[in-house]
Amino acid sequence: MPTPLPLVKGTLDLLVLKALSWRPMHGFEITSWLEDRSGGRLDVDDSALYQAVHRMEARGLVQAEWGITENNRRARYYRLTTAGRAHLRSEGARWVRYAETVTGIITARAGEAPA
Amino acid sequence: MTERPFRRAFRLAPGGRRRLERELAEELAFHIEARIEQLVARGLAPDEARTEALRRFGSLPDARRQIRASAARTAHHVRAREGLGSLRRDLRHTLRSLRRSPGMVAVIVLTLAIGIGANAAVFGLVSAVLLRTPPYANPSRLVMLWQRLPEIGEGRFGASPPEYVDYRDRNRVFSELAGYINLDLDLTGEGTPERLQAARVTHTLFSTLGVKPFLGRAISAEEDRPGGAKVVVLSYGLWQRRFGGDANVLGRTLRLDEQPYTVVGVMPRGFQFPWQGTPVSDRAELWIPMAFTPAELQARAESYDVCMVARLARGVTLAQARQDISRIVREMRREHPDIYTGNLQTQATVEALVADASESARPLLLTLLGAVAFGLLIACANVANLLLTRGVARQHETAVRRALGASAGQVVRRALVEALVLAGSGAAAGLALAYGIVWIFRSLGPAQIPGLTQAHIDARVLAFTVFLALLTALFCGLAPALKSTRQDAQQALKQGGRQMGGGRERQRLRGALVVLEAASAMVLLVGAGLLIHSFIRVLLVPPGFAPHGVALVRTTFDRNRYPSDTTRRVAEHAIIERLAALPGVTAVGLTTHLPLADERRIGFRVQGGAPNEYHWAQNALVGDDYFRAMHIPLRRGRTFSAQDTPDAPATAVINETMARTYWANADPVGRVVIWGDRKLTIVVVGLYGVLSYSVAQRTSELGVRMALGAQPSTVSWLVVRSGLRLAGLGIGIGVVAAAGAGAAIARLLFGVVPLDPVTYVVAVAALISVSVLASYAPARRAGRLDPALALRAE
């Protein structure tokens, strides 16, 4: 297992929203999804994840409902609201632009003008 | 856990803090356990897995604290959103379930509508007529002074000018007393000539009423003397209508009855006097000085035209005023024994002005108010009963919902929504009805009732009646729901569907309601019947002339424009000849007053009778061909002819009933009928609703009977019989009550005795028919029941 990368501030919300854009999930499903997708390279603190979903629930970006898992256990499921979907779209695009810009700057060779 | 993991089973409304804590704990515990399972699956030992899971989670207390804060915020939003959503769901469910029982819904809505509508409307009418305040200063201190001639007949009269002067100068109880005479004046000159309602008033009138003119001044003492300047004060309405509200109207000259009058003042908007003149069109539009002539001031007891209004002096009561006025009458009679003899036994009375105006309409309106208030109570009782029955019938459904996890709050809320939907619909329909009723009365009501034209729906009354109806609906809709939440769901489920006849106590209550309704319906039917009967009798009284095909032309021959009788007669002849020459005209007659339409009363004495033995008669001065034009048959003697000139001996034609008693004016009767009819609907609808519903409630009992071998016809008969027994009891009670009520309205009746057998028979027959109908329809259904189905029904 490679050493996990600490999460850059502000990206967790985006990642959770992205996970939920596929389908409604409960908290553990979200962590599993992130671990799968990142190949275990992202270090997501479980408590931080729950804080994030609850915070986003309060902001109306996700909505929670109790449901039953495949194994007949009660779990709290989260799904995207319309506001959450819009947030994902705009913040996602911003993140990509930001990352590209930073990448462009720090990968440029000496003397080369920034793109 | 991937495919279809999201299966909604419960809807949990976010509750208080405790629930929040519990749910948070549950969510986190689930996470930890899931993590442990995952790690164990990857090969860790359970102990290690637990340690690792907790490590990965991080600081549990910190997380909890933060999450808790967010969750509290969320809960707030969710509550609002979910509340709205489930309200919509409840509403949908309610509408669906109400659609399944359209009959009950119709009865409830109709009952509430009539109850609410009638109450709001009648209160609107009553408050317009009885409770309005006259536009005068301190109106409760104003009184009307009337003379009465008990030996000659009922009724109140004004005074003759000398009597007026006596009352004015001798009383010790009034701070001011004013006299007025109602009259019509022809306004000619500029613009269209018109005939206006006016009043000759003493200069004290406006100060007695405590009202100052809006423009200019009132009539002065100098102008209220014989030969004083001819001035006129206009009403605000006339000023607007005729002069466009021109402020320069003061000082202008009007021609009234061909005499020039100078405008000196305009009264404020909303001022009206006399207070009794009801319809706006009948109210005085201008006031001129009384200015009694010396001849008028000598003519004691020869006329009764001068009406009197006075203001009680400080500290004087109505009773003291009456005593003082009686003293003055005694003095007058002692001083003029030659005049106050025979049946001219003048008396006088003092009435409060506010009450006075609507004295005649008061009992009628109060009766009406009582009747509709009673009607609203019946309506509420009906609705209560139907909702209770429905709520009880739904206890089974409620129990099922409770067993499936619905909270008590949810059950109660649904009942609340249903009650609100029903009461709301009833209130809306009632509002429409109230507006309709008031509109009808304003446009068609008897003109004699003062203030009727100003009737409107009083917002407060409406709010009150709607509130009452809502309260009823809420109370009755909620009571069963609340009860069911306290009940053990299992027990309710076991009981449900095994209710025979809807419970003994409830049946007794419903029975009492049926009896009450039948009784009140009986009273109303008899009352309405007597009034309708009276109205028909009034219509059937032969007027003594043939009103068909008679055209009427009204005109005035003004004394000043036609100063001599000769010139007037020449003009009359010219008009008659020109009218008679028109094609299709068979006869043209002249009259000063029309029968039944105009009122002109004169006192007369019969030759050979006691001196000063006066009687009253309606009369008219008529021309040659009047009787032929009106198709009034001649019984004896002759009609007028060319020989009846002014110089010939005076002649008169009298009618057959002149010697008999003079029939009273029964005008209001016709209008009352409408009420009787409308009130009836409430009770009949209610009676039908309750009777048929109570039969429907016995479905399972009837099923048992039929399962045990009862014939369908036997079952039907059983149902009809029990319905009729209750209705019969009610009708019996109603007959007794109606007899009492009939005596109370005896004064309003004409040509019908209060115990008129025809009315009673018709009323009883009508109610029995309704009762039979109300129990027969469900009885037929009961007879066709499949016993097995009926047993399971509920």
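Because the structure is a prediction, the values reported are computed rather than measured.

Novice: Would you take a moment to explain the overall build of chain B for this structure?
Specialist: What chain B contains, in helices and strands, is 22 helices and twelve strands. For chain B, the residues scored as buried account for 34% of the 794 residues in total. At a minimum sequence separation of 6, the contacts of chain B that also span at least 24 residues come to 83%.

Novice: What's the story with the overall build of chain A in this structure? I'm lost.
Specialist: From N to C terminus, chain A includes four helices and five strands. For chain A, the sequential pattern of α-helices and β-strands runs β-α-β-α-β-α-β-β-α. Split into buried and exposed, the 115 residues of chain A put 32% on the buried side.

Novice: Just checking my understanding: could you explain the pairing of strand E4 (residues 62-68) of chain A for this structure?
Specialist: When a strand is regular, its side chains alternate between the sheet's two faces. All names here are of chain A. The pairing of E4 with strand E5 (residues 74-80) spans seven bridges and is classified as antiparallel. Bridging from a neighbouring strand, Ala 64 pairs with Tyr 78 of E5. Connecting E4 to the next strand, E5, in antiparallel fashion are five residues, including Asn 72 with a positive phi near 60°.

Novice: Looking at this structure, I do not really get the interface of chain A and chain B. What am I missing?
Specialist: Interfaces are frequently sized by the accessible area removed from exposure as the parts join. In this assembly, 27 residues from chain A lie in contact with 29 residues from chain B. Sorting elements by how many residues they give to the side of chain A that touches chain B places helix H3 (residues 46-58) of chain A first, with nine residues. Of the residues belonging to the side of chain A that touches chain B, the class tally is nine nonpolar, eight polar and ten charged.

Novice: Looking at this model, I keep getting lost on the pairing of strand E2 (residues 174-188) of chain B. Mind explaining?
Specialist: All names here are of chain B. As judged from the six bridges shared by E2 and strand E9 (residues 307-312), these two strands associate in the antiparallel manner. The residue of E9 that forms the bridge with Glu 176 is Arg 311. Pairing between E2 and strand E3 (residues 194-201): eight bridges, direction antiparallel. The residue bridging Leu 183 from the neighbouring strand is Ala 198, located in E3. The antiparallel hairpin formed by E2 and E3 contains five residues in its connecting segment, where Gly 189 sits at a positive phi of about 105°. As judged from the two bridges shared by E2 and strand E6 (residues 253-256), these two strands associate in the antiparallel manner.

Novice: It is not clear to me how the nonpolar core should be interpreted in this structure. Could you clarify?
Specialist: In a soluble, globular protein the nonpolar side chains are often hidden away together inside. All names here are of chain B. Core analysis: the largest hydrophobic core is formed by 60 residues, its most contacted members being Val 143, Leu 145, Val 232, Val 233, Leu 286, Trp 287 and Met 308. The dominant element in this core, judged by the number of residues it contributes, is E2, at six residues. Aside from chain neighbours lying at most four places away, what touches Met 308 is Met 144, Leu 145, Gly 158, Ala 159, Tyr 164, Tyr 167, Leu 177 and Gly 179. Formed by 32 residues, the second largest nonpolar core is a distinct cluster that contains Ala 118, Ala 427, Leu 462 and Ala 469.

Novice: Which parts of the structure should I look at to understand helix H2 (residues 46-57) of chain B?
Specialist: Each α-helix winds once per 3.6 residues, and so residues spaced three or four apart point in a common direction. Residue and element names in this part refer to chain B. For H2, spanning twelve residues, the distance from its first C-alpha to its last is 16 Å, which sits close to the expected 16 Å at 1.5 Å a residue. Among all positions in H2, only Ala 49, Ala 53 and Phe 57 are buried. All buried residues of H2 fall inside an arc of 65° around its axis, so they share one side. What points out from H2, more than 90 degrees from its buried face, is the exposed set Asp 47 and Arg 55. Backbone geometry just after H2 places Gly 58 at a positive phi near 90°.

Novice: Help me out: how do you make sense of the sheet that holds E4 of chain A in this one?
Specialist: Note: strands within a sheet are paired through backbone hydrogen bonds, in either parallel or antiparallel orientation. Residues and elements named next belong to chain A. Sheet architecture is open: three strands sit in the order E2-E5-E4, paired in antiparallel fashion. Sheet topology places strand E2 (25-26) and E4 at the edges, where each strand pairs with a single neighbour. Running over the sheet, H3 touches E4 and E5 and is turned about 115° from E4.

Novice: Would you mind going over helix H16 (residues 565-580) of chain B with me for this structure?
Specialist: For H16 of chain B, spanning 16 residues, the distance from its first C-alpha to its last is 22 Å, which sits close to the expected 22 Å at 1.5 Å a residue. Burial analysis of H16 of chain B places just zero of its 16 residues in the buried class, which makes it a mostly uncovered element.

The rules behind the values
Residues numbered from 1 in each chain as written. Chains lettered and ligands numbered in written order. Predicted model: local features only at pLDDT ≥ 70, side-chain atom pairs only at ≥ 80, totals over all residues. Helix = DSSP H or I, 4+ residues; strand = E, 2+ residues; numbered from the N terminus. Buried ≥ 20, exposed ≤ 12 C-beta atoms within 10 Å, placed from the backbone. Contact = placed C-beta atoms within 7 Å. Pairing = 2+ DSSP bridges. Nonpolar A, V, L, I, M, F, W, Y, C, P; charged D, E, K, R; others polar. Core = buried A, V, L, I, M, F, W, Y, C linked by C-beta atoms within 7 Å. Expected span 1.5 Å × (residues − 1). Arc of directions from axis to C-beta. Axes fitted to C-alpha atoms, helices over the stretch in contact; angles between N-to-C directions.

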